[in-house]
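# Observations on chain architecture
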Amino acid sequence: MSGWPRCVQYLFYYETPKTLVIPNITAGCVFRLTQLLVVLYVLGYVCLVDKAYQETDSVVSTVTTKVKGFAFTNASSIKYWDVADYVIPSQGGKSFFILTNMIVTFRQTRSRCPLFPDLSTVCVDDCDCIEGLNDPRGSGIQTGLCENFSTTVKTCEVISWCPLEIDSHLPDHALLDSAETFTVLIKNSITRNIAPHINSSYLRSCEFNRSSDPDCPIFRLKNIVSEAGEDFQDMAVKGGILGIIIDWSCDLDWWARKCSPKYSFRRLDSRIPNNDVAPGYNFRFAKYYMDQGGEEFRTLFKAYGIRFDVIVFGTAGKFGVVPTVVNLGAALSFLSLVPLVADWFLLTCLRKKDLYSRHKVSYLREDTDSEGETMHTIFGTK
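Given the structure is predicted, the values throughout are model-derived calculations rather than measurements. (Residues numbered from 1 in each chain as written. Predicted model: local features only at pLDDT ≥ 70, side-chain atom pairs only at ≥ 80, totals over all residues. Heavy atoms only, no water.)

## A word on the overall build of the chain
Broken down by element type, the chain carries nine helices and 14 strands. The burial tally for the chain puts 34% of its 382 residues in the buried class. Relative to all contacts within the chain whose residues are 6 or more apart in sequence, the contacts with residues 24 or more apart total 67%. Of the roughly 24,700 Å² that the chain leaves accessible, carbon and sulfur atoms contribute 57%. (Helix = DSSP H or I, 4+ residues; strand = E, 2+ residues; numbered from the N terminus. Buried < 20%, exposed > 50% of the residue type's maximum accessible area, 1.4 Å probe, protein only. Contact = heavy atoms within 4.5 Å. Areas by Shrake-Rupley, 256 points an atom, 1.4 Å probe, with all protein chains shown as cover.)

Structure (structure tokens):
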């Protein structure tokens, strides 16, 4: 029989597994070792490390912060500083700013004044100035007049808050250098990051320390900056952005019940040496006043400082029937591959592989009582 009839007949053949016991120590060791590796992978990595039997959910949290500390300075109109002076905004959330340095321009009024001299502002007469010119990088709207900036230099006049701010002379030493001693309380709730044993009397004396007191939610600013690999006094001059990273990796199984935050700190803004393009972190704000004659004036502050961003992430896991069944099925499927590995080793690597190959697959003829010799193997040998 050959051709199509034989192919059609082959479709109706039935194959059933056959048990072939081979008393070979080498083959037995390979089989059991492969089984052991699969079991260790399932128990060690899948169950203990990856905890694949758990149902997981991402963390949704709220954050509030409260800064404490006082400072005294001699180089500013403000001598004594408290939280209301240097924390911006006053209501702390996932981000808060600590003012450490500033440039102050006193008693500005809405009026006209000449620009500071540079290549684009120096003029000889009114023809060099454009009336109504509004340069976003400038200091006001030009009037079209060329006025005396000094006895030797003329510049274009602008409508602005005068006198203009001089922001090119930043103090080399931070004004609020003592800000490194300030502390911040971080209240982060997934339900909460304050453990049940922590009370108000404990919070009065505790301070976060990674080795001796890792549960305390009160941090000293100097230590935060230091753990981020920075020096507080250097960073306080021009400011910067620091991340307070809170990682919640919670195991909610009844035999573990472990859910506590892990803190780490990192500088987030780019700090490239010799790069003078908007270094650090700063912004401007003003305080407005009214004199006795009813004229409005203001004091302008260019504030430098450190912005702290509280970043919360994490997952919570708990035993679940569905992931357990799914991963148990995956483990059993891995075990079903073990005989294939052992068969491959048996039929390719051992000295008596031809003998094993002849007995691996047998063809049974129903018209005789004897079992025929192996007609083919899984490798196609006779």
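What follows picks up the thread again.
## Here's the deal with the UniProt feature "transmembrane region" (unreviewed entry) in the chain
As recorded in UniProt, the feature "transmembrane region" (unreviewed entry) lies at residues 328-350. With 87% helix and 0% strand, residues 328-350 has end C-alpha atoms that lie 33 Å from one another. (UniProt positions renumbered as here; feature names shortened; annotations may be inferred.)

## Here's the deal with the UniProt feature "binding site: ATP" (unreviewed entry) in the chain
In the numbering used here, UniProt assigns the "binding site: ATP" (unreviewed entry) feature to K66, V67, K68, T183, N282, F283, R284 and K302. Tracing the backbone through its elements, the reader meets F283 in strand β13 (residues 282-290). Residues within four places of F283 in sequence aside, it is in contact with I88, F97, F301, K302 and A303. With residues up to four places along the chain from it excluded, the contact list for K302 reads N101, M102, I103, E165, D167, N282, F283 and R284.

## A few points about the sheet that holds strand β2 (residues 62-68)
One open sheet accounts for three strands, arranged β2-β9-β10; its pairing is antiparallel. The open sheet has two edge strands, β2 and β10 (218-220), and neither has a second partner. Each strand of the sheet is rotated relative to its neighbour by a mean of 25°, with strand direction disregarded. Pairing geometry for strand β9 (residues 183-189) and β10, over three bridges, is antiparallel. For V184, the partnering residue across the bridge sits in β10 and is F219. (Pairing = 2+ DSSP bridges. Axes fitted to C-alpha atoms, helices over the stretch in contact; angles between N-to-C directions.)

## Topic: the state of the cysteines
Covalent bonding between the sulfur atoms of two cysteines is what defines a disulfide. One pass over the full model with this rule turns up four disulfides. Linked covalently through their sulfurs, C113 and C162 form a disulfide whose S-S length is 2.0 Å. On the sign convention where negative is left-handed, the bridge of C113 and C162, at about -75° about the S-S bond, is left-handed. Within this pair, whereas C113 is found in strand β6 (residues 95-114), its partner C162 is found in strand β8 (residues 154-162), the two being separated by 49 residues in sequence. The exposure class of C162 is buried, given its relative accessible area of 7%. (Disulfide = S-S within 2.5 Å.)

## A word on unusual backbone geometry
In the segment running from C162 into P163, the intervening peptide bond is cis, with an omega of 0°. Mapped onto the secondary structure, P163 falls in the loop between β8 and β9. Even without being glycine, R107 reaches a positive phi, approximately 45°. Looking at where R107 falls in the secondary structure, it is placed in strand β6.

## As for the pattern of salt bridges
In this structure the tally under the stated criterion is 11 salt bridges. In this structure, E296 and R110 form a salt bridge, with 2.5 Å as the shortest nitrogen-oxygen distance. Here the residue E296 occupies a position in strand β14 (residues 296-319), and R110 occupies one in strand β6, the gap between them amounting to 186 residues. By relative accessible area, E296 is classed as partly exposed at 30%. Since its relative accessible area comes to 56%, R110 is described here as exposed. (Salt bridge = Lys/Arg side-chain N within 4 Å of Asp/Glu carboxyl O.)

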